[in-house]
Amino acid sequence: MKPSPRFLPTREYCWKTDGAIAPRCFDLLVAEGSLMPSHPWDLPERFRFRGHSIAWGASGEGRPAVLLHGTPFSSVEWRRIAPLLARERRIFCFDMLGYGQSDKPEADVSRGVQNEVFAALYRHWQLELPDIVAHDFGGSNALRAHLLNDLEYRSLVLIDPVAISPQGSPLVQAARKNEQVFANLPAYIHEAMLRAYIGNAVANTLREDEMRLYLEPWLGEIGQKAFWRQIAQMDDKYSQEVEERFGEMRCPVTILWGEDDDWIPIEDGYELARRMLNAPFTSVPGSKHLMQEDAPEAIVATTLRFWQALDG
């Protein structure tokens, strides 16, 4: 299966208010104050899930939409994107259990529990047919919540989701077998490994202030143990529970994929689109796995265009 449109490079084309793609430099949005490269990010609200604190926040007005982050990231990956989408929707963000500003307990933080966290928040927020934008593990979370928890969406945008097995890099395989060894590494070695791991997710090198946003939740004794815990709990079974059911999706789906993604090959994206009865598929050149950093305008433009088509 060949990709349907191919998104044009970041610095030549970007989003504008009607959702079209226009030859306008993405940096203009930064100059206008609409898009801050290191925008402060804080989730002010807390929700209790099985005794643990889940950090969340919301902004904007209108139809509800939820942004679901991936691993080893947090909702901070949406800091460039949420303010723009909030012009059109009431945007909800949260950090998964064990991630970001949420609690990092010595407990189950696998994908087997994250869809339950999302389902509980969905009910707490009293959502009705929200639009969903989901990346990496967030994509798995959205798919599992839809197919296993019967959450209904108006639409779903998937960005390099964890969906097709087998999965897991050599680092993941090693950590699953030796969690305590990795969890007890000297802090400077842990940070160096984390920097290399996160750095491999982007095509464009992160500035130090950007890298710190992703590093900080995983530093210190609690953060280091939490990082290796969530890796050790990765398991293909959470994809296998739903991946034969992708033809049962009850909402429109569109898929974005970084052409240079080293973590999940684009071939998995083509297969996912096929299993979803040929869902629209857009490849994004110059982007690896963390598209929120490499090509945020691709996410904003595609999402707004998708929503507007559904709005009629």
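Since the model is a prediction, treat every value here as computed from it, not as a measurement.

Chemist: I'd like a rundown of the packing of helix α7 (residues 187-199) against helix α8 (residues 208-215), residues and numbers included.
Modeler: Relative to each other, α7 and α8 sit at 110 degrees, their axes nearing to 11 Å. Classified by the angle between their axes, α7 and α8 sit roughly perpendicular to one another. Together, Glu-191, Leu-194, Arg-195, Ile-198 and Gly-199 of α7 and Glu-208, Met-211, Arg-212, Tyr-214 and Leu-215 of α8 make up the contact between the two elements. Residue classes in the contact of α7 with α8 are distributed as five nonpolar, one polar and four charged.

Chemist: How would you summarise the nonpolar core if you had to cite specific residues and measurements?
Modeler: General note: in soluble globular proteins, nonpolar side chains tend to be found buried as a group. By size, the foremost hydrophobic cluster in this structure holds 71 residues, and its most contacted members are Phe-94, Phe-118, Leu-156, Ile-255 and Met-276. With seven residues, the top contributor of residues to this core is helix α3 (residues 111-124). Apart from the residues within four sequence positions on either side, Ile-255 is in contact with Leu-158, Leu-272, Ala-273, Met-276, Ala-279, Pro-280, Phe-281 and Thr-282. Formed by 25 residues, the second largest nonpolar core is a distinct cluster that contains Leu-43, Ala-55, Val-300 and Phe-306.

Chemist: So, the packing of aromatic side chains: which residues are in play, and what are the values?
Modeler: Inspection of the entire model under this criterion finds 17 aromatic pairs. Relative to Trp-263, the ring of Phe-73 has its centre 5.9 Å away and its plane inclined at 10 degrees; by these criteria the two rings are stacked. Of the two residues, Phe-73 is situated in the loop between β5 (64-68) and α2 (82-85) and Trp-263 in the loop between β9 (253-258) and α11 (266-275); the sequence distance between them amounts to 190 residues. An aromatic cluster is present here, built from Phe-73, Tyr-99, Phe-182, Tyr-197, Tyr-214, Trp-218, Phe-227, Trp-228 and Trp-263 joined pairwise through their rings. The aromatic ring of Phe-92 is capped on one face by Arg-90, whose charged end is 5.8 Å from the ring centroid.

The rules behind these values
Residue positions are counted from 1 within each chain, in the order its sequence is given. In keeping with the predicted nature of the model, local features appear solely for residues at pLDDT of at least 70, side-chain atom pairs appear and are counted solely at 80 or more, and the whole-chain, interface and lining totals rest on all residues. Calculation of side-chain values draws on the structure's entire complement of heavy atoms; hydrogens and water are dropped beforehand. A fitted line through C-alpha atoms serves as each axis, taken over the contacting stretch for helices, and the angle formed by two N-to-C directions is quoted from 0 to 180°. Each helix is a run of DSSP H or I of at least 4 residues and each strand a run of E of at least 2, with the numbering of both proceeding from the N terminus. Put simply, angles under 35 degrees are roughly parallel, angles over 145 are roughly antiparallel, angles from 65 to 115 are roughly perpendicular, and the rest are oblique. Working rule for contacts: check all heavy atoms of both residues, and any pair within 4.5 Å makes them a contact. For this scheme, ten residues count as nonpolar: Ala, Val, Leu, Ile, Met, Phe, Trp, Tyr, Cys and Pro. Four count as charged, namely Asp, Glu, Lys and Arg, and the remainder, Gly too, count as polar. Residues belong to a common nonpolar core when they are buried Ala, Val, Leu, Ile, Met, Phe, Trp, Tyr or Cys residues joined through side-chain atoms within 4.5 Å. Three exposure classes are used, based on accessible area relative to the maximum for each residue type with a 1.4 Å probe and protein chains only: buried under 20%, partly exposed in between, and exposed over 50%. Here a pair means two rings of Phe, Tyr or Trp (six-membered ring of Trp) with centres within 6.5 Å. Their orientation is stacked below 30 degrees between planes, edge-to-face above 60, and tilted elsewhere. Charge-over-ring placement is defined geometrically: NZ (Lys) or CZ (Arg) within 6 Å of the ring centre, and within 35 degrees of the ring normal.

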